[in-house]
Amino acid sequence: MLASYQDLNSQLMTEGTVVVSQEDLPISSGDWETLSSLLDNQTYERVVQGDTDERTSVSVYRIKKAGDSHIRNQQIVDIINTPKIKSKLAGIMGVEDYKIDRCQCNLYYEGDFVGKHVDKESCSNHTYAFMVFPCDEFEGGEFCVYNPENSQPYVYKPEPQTLILTRCDLLHEVREITKGKRRAIVSFLQLPH
């Protein structure tokens, strides 16, 4: 059962990250299938250096670039940002509204990873990011958040059909995929002024 928005907001501030489980994420099984199919039929570009010059090995399909109003695939954005999802995330963040400034799908195969970096260093307007994970089977690929208030990183193993919401001001990484395929639709959020 979903914890209260206040509890999740507290966790977001303390750990820097919150996981929304499959049961608590209002995406239908049909929409998950559509999402998977849409992602399978895109052209991905290989990236070996991230936006903050971190070492990276991942393929990326750019759905919406930062600061650009053009969305390359509105259907993907409509599935991952329905009014119900938007209301849930805004409640967890403790805000009334947000906008997706940048959205992309990161595709990882065995050996792929994203090195340690801080998202705010490449775009100071990004306050939070959320990642949606379709039905992929993989090993490795943990999302690790390094909060300076904790001596050890918080480690999250993405489960199929879940969402991870994280703060953009914290150091984080995606550990190496050791088996299978991992896809994450990553949306970077701006809050209204």
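Structural data are supplied above this passage.
Computed from a predicted model, the values in this text were never measured in an experiment. (Residues numbered from 1 in each chain as written. Predicted model: local features only at pLDDT ≥ 70, side-chain atom pairs only at ≥ 80, totals over all residues. Heavy atoms only, no water.)

Colleague: Help me out: how do you make sense of the nonpolar core in this one?
Modeller: Nonpolar side chains in soluble globular proteins tend to be buried together. If you look at the biggest cluster of nonpolar residues, it comprises 34 residues, and the most contacted ones within it are Leu35, Phe130, Leu165 and Ile185. For this core, the leading source of residues is helix α4 (residues 83–93), giving five residues. With 20 residues, the next largest nonpolar core counts Leu170, Val174, Ala184 and Phe188 among its residues. (Core = buried A, V, L, I, M, F, W, Y, C linked by side-chain atoms within 4.5 Å. Buried < 20%, exposed > 50% of the residue type's maximum accessible area, 1.4 Å probe, protein only. Helix = DSSP H or I, 4+ residues; strand = E, 2+ residues; numbered from the N terminus.)

Colleague: When you look at helix α2 (residues 29–40) in this model, what are you seeing that I'm missing?
Modeller: Along an α-helix, residues three or four positions apart point the same way, because every turn accommodates 3.6 residues. Spanning 12 residues, α2 covers 17 Å between terminal C-alpha atoms, matching the ideal 16 Å at 1.5 Å per step. Those residues of α2 not exposed but buried are Trp32, Leu35, Ser36, Leu38 and Leu39. Take α2 and look down its axis: the buried residues cluster within an arc of 165°, on one side only. Those residues of α2 hidden inside the fold are in contact with α3 (74–80), β4 (99–108), β6 (128–133), β10 (162–167) and β13 (182–190). (Expected span 1.5 Å × (residues − 1). Arc of directions from axis to C-beta. Contact = heavy atoms within 4.5 Å.)

Colleague: Looking at this structure, I do not really get unusual backbone geometry. What am I missing?
Modeller: Trans peptide bonds make up the majority, and among non-glycine residues the majority have a negative phi. At Asp53, a position not held by glycine, the phi torsion is positive, near 70°. Residue position: Asp53 is located in the loop between β2 (45–49) and β3 (55–64). Residue Asp53 is classed as exposed on the basis of its relative accessible area of 58%. In the Ramachandran plot, Gln161 falls in the positive-phi region, its phi being about 60° despite a non-glycine side chain. By the secondary structure assignment, Gln161 is in the loop between β9 (154–156) and β10. Overall, the relative accessible area of 13% leaves Gln161 in the buried class.

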